[in-house]
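Summary of structural features
Below are the chains, spelled out letter by letter.
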Amino acid sequence: IERAHILRRRIHVWNEARTSENPQNIKFVSTLIKQANKIDLAFPELFTLTGVHKKAEEWIDRASIAVRTTISFEELESLVSVGESLPLNVSDVLEKLQNRLKQAREWMARLEEIVPKSECHLMWLRRFRDALEDEEKNAHLLSLLSEGSRIPVTMECSILLQIEIDARNWTGKAKLWIPQNLDRSGEVGVPQKRGKIDDVKDHLDRASSLRDRLWFGEAEKMEWVLDGETQ
């Protein structure tokens, strides 16, 4: 019982200091729990300690994997938020995630300076498409996309931009087969190419594959049409 009182006081001291600037790390909490298991007595402070330890262990497991892999922006934000709220010192992993989140946010802010974000995916895609038609913006966006690909975070805006770039390349080839362009065969600078029916079908299949990369609802996906697809 004396050992239980001593342990209880230690847990109480930890509990009082856990919101301080220098909280203990998870190893310290693990040690307290091991001591409690040897005593085999339950008391309220131990339940608090066990709950914090379990939450911290789960976070460290997820965060340690996240540090080594590419994760979504939303998951990264969630991990950082939970890590910052833990009453334990997990700075060895948390700081790496915070730096990555800062990097991703700064990249997104630079992108949104060129193409403002829209809560409507279709509107955002249209803004990317329009911006890619501008030579200067096109160059900036391609450069930014290359930069963003080196940040191990999956970002919606990066995916949408890549889809619109691929769609623009698709349209460039499709325009060669559009009847109205073929009718202008006498004009200078108008490339001409009569596509075989199988080639045209394959190209339309590629348009469908591009559309399949969109993650929103089927009806909204079908509203996204590539330039030249209908013709």
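The structure contained in this document is the topic of the report that follows. (Residues numbered from 1 in each chain as written. Predicted model: local features only at pLDDT ≥ 70, side-chain atom pairs only at ≥ 80, totals over all residues. Heavy atoms only, no water.)

Moving on to the overall build of the protein. Secondary structure summary: the protein contains 11 helices and 2 strands in total. Along the protein, from the amino end to the carboxyl end, the secondary structure elements read α-α-α-β-α-α-α-α-β-α-α-α-α. For the protein, the proportion of its 231 residues judged to be buried stands at 37%. At a minimum sequence separation of 6, the contacts of the protein that also span at least 24 residues come to 68%. By element, 50% of the accessible surface of the protein is carried by carbon and sulfur atoms, the whole surface being about 14200 Å². (Helix = DSSP H or I, 4+ residues; strand = E, 2+ residues; numbered from the N terminus. Buried < 20%, exposed > 50% of the residue type's maximum accessible area, 1.4 Å probe, protein only. Contact = heavy atoms within 4.5 Å. Areas by Shrake-Rupley, 256 points an atom, 1.4 Å probe, with all protein chains shown as cover.)

Next up on the list: the pattern of salt bridges. As enumerated under the stated definition, the model contains 12 salt bridges in all. Across the salt bridge formed by K54 and E58, the nearest N and O atoms sit 2.8 Å from each other. Here E58 and K54 lie together in helix α3 (residues 44–68), a separation of 4 residues that amounts to about one turn. Overall, the relative accessible area of 51% leaves K54 in the exposed class. Taken together, the shared-partner salt bridges in this structure form one network comprising R129, E164 and D227. (Salt bridge = Lys/Arg side-chain N within 4 Å of Asp/Glu carboxyl O.)

Contact geometry of helix α8 (residues 156–174) with helix α10 (residues 197–212) gives a least axis separation of 11 Å together with a crossing angle of 165°. When the axes of α8 and α10 are compared, the pair comes out roughly antiparallel. As for how α8 packs across α10, the hand of that crossing is left-handed. Across from I163, D166, A167, W170, K173 and A174 in α8, the residues of α10 making contact are H203, L204, R206, A207 and L210. Classifying every residue of the contact of α8 with α10 by side-chain character gives 7 nonpolar, 1 polar and 3 charged. (Axes fitted to C-alpha atoms, helices over the stretch in contact; angles between N-to-C directions. Parallel < 35°, antiparallel > 145°, perpendicular 65-115°, else oblique. Left-handed = near helix turned anticlockwise from the far one by under 90°. Nonpolar A, V, L, I, M, F, W, Y, C, P; charged D, E, K, R; others polar.)

With that settled, the discussion passes to a negative patch on the surface. A cluster of like negative charges, contributed by D198, D199, D202 and D205, occupies part of the molecular surface. By the element assignment, D198 lies in helix α10. You can call D198 exposed: its relative accessible area is 52%. (Patch = residues over 30% accessible without salt bridge, like charges linked within 9 Å, V, L, I, M, F, W, Y side chains within 5 Å. Lys, Arg positive; Asp, Glu negative; His and termini not counted. Charge placed at Lys NZ, Arg CZ, Asp CG, Glu CD.)

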